[in-house]
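Letter by letter, the chains look like this.
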Amino acid sequence: MLTVALPKGRLAEEALIWLERAGWPLPVSADERRLIVPSRDPGLSYLLAKPIDVPVFVEQGAADMGIAGLDVLRERAADVFEPLRLPFGYCRLSVAAPADRPQRPLRLEISPRVATRYPRLTDAFFRRRGISAELIVLSGSVELGPLVNLADLIVDLVETGETLRANGLVELRPILASQAVLIVNRASYRLHNEAISPLIAAMRRAIARAQEGDVF
Ligand code: PRP
């Protein structure tokens, strides 16, 4: 029996579309309240997790495979096999600041307070630049930080830029380009290779077909 961890929320819909295109047995229910969902194939079931937790479920072997954003994969520093990038969930993790902030280089910042859901990646980014940032770790609505003077800067995901604009913020610097990734537990990949390899191959073919112009 293989278990596949799927992210709830933003990536969920496209994840299902790509599972279908690849011909994987689909979850029988899309009700996000049901957290373990069988498929029509008794050999494969799904679990629905918060996106940030998908790498943990897979790394620990609670799920054999999963679909995760590269952003959370790197934030969790999960040691998993990453056989395939998936063509959706494109966004970037960026530093942003209030639009009315004087336009000065980041390197001149002195101990900025930075609100983020990504403390590991944020810390690494500022350390590399020799800036000692004070991290303010939030779990959502990070854009509020500068608005209520909780933070000077934020580090958060940007897709269209609408959320930044709506809150008077501007993007200063991308930290990481992200997209969805198919991930596999390393032990599962060895132990269940006969079942897992064909699934990866089917997904790879679906992506190739799409790139040839069938889908987009
Ligand atoms: C993400 C991110 C931004 C927004 C960016 O939040 O945290 O708030 O999307 O997208 P945009 O550039 O297209 O406006 P998400 O919708 O995933 O919700 P969350 O913050 O509750 O996780």
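In what follows, the structure referred to is the one given above.
Definitions and limits used
- Residues numbered from 1 in each chain as written.
- Predicted model: local features only at pLDDT ≥ 70, side-chain atom pairs only at ≥ 80, totals over all residues.
- Heavy atoms only, no water.
- Helix = DSSP H or I, 4+ residues; strand = E, 2+ residues; numbered from the N terminus.
- Buried < 20%, exposed > 50% of the residue type's maximum accessible area, 1.4 Å probe, protein only.
- Areas by Shrake-Rupley, 256 points an atom, 1.4 Å probe, with all protein chains shown as cover.
- Near = heavy atom within 4 Å.
- Polar contact = N/O pair within 3.5 Å; in protein donor to acceptor, adjacent residues only side chain to side chain.
- Pairing = 2+ DSSP bridges.
- Axes fitted to C-alpha atoms, helices over the stretch in contact; angles between N-to-C directions.

1. Looking at the overall build of the protein
And step 1. The number of helices and strands found in the protein is 8 helices and 11 strands.
And step 2. Along the first, second and third principal axes, the C-alpha set of the protein runs to 60 × 35 × 30 Å.
And step 3. The buried share among the 216 residues of the protein stands at 45%.
And step 4. Here the protein has roughly 11200 Å² of accessible surface; of this, 51% comes from carbon and sulfur atoms.

2. Notes on the site of the ligand
And step 1. Taken together, R10, R117, E143, D156, L157, V158, E159, T160, G161, E162 and T163 are the residues near the ligand.
And step 2. R10 places a side-chain nitrogen or oxygen 2.7 Å from an oxygen atom of the ligand.
And step 3. Here an oxygen atom of the ligand sits 2.7 Å away from a polar atom, N or O, in the side chain of E143.
And step 4. Burial of the ligand by the protein chains amounts to 70% of its free accessible area of 500 Å².
And step 5. Elements with a minimum of two residues in the shell around the ligand: β9 (153–158) and α6 (162–166).
And step 6. Sort the elements by how many residues they give to the shell around the ligand and β9 lands first, with 3 residues.

3. Considering the sheet that holds β9
And step 1. Ordered in space as β8-β7-β9-β6-β10, the 5 strands form an open sheet in which the pairing is mixed. Looking at strand neighbours, the two that pair on one side only are β8 (134–137) and β10 (169–178), the edges of this open sheet. Averaged over all pairs of adjacent strands, the angle between strand axes in this sheet comes to 25 degrees, irrespective of strand direction.
And step 2. For strand β6 (residues 91–98) and β9, the ladder comprises 5 bridges, and the chain directions are antiparallel. By the bridge assignment for β9, A96 is matched with I154.

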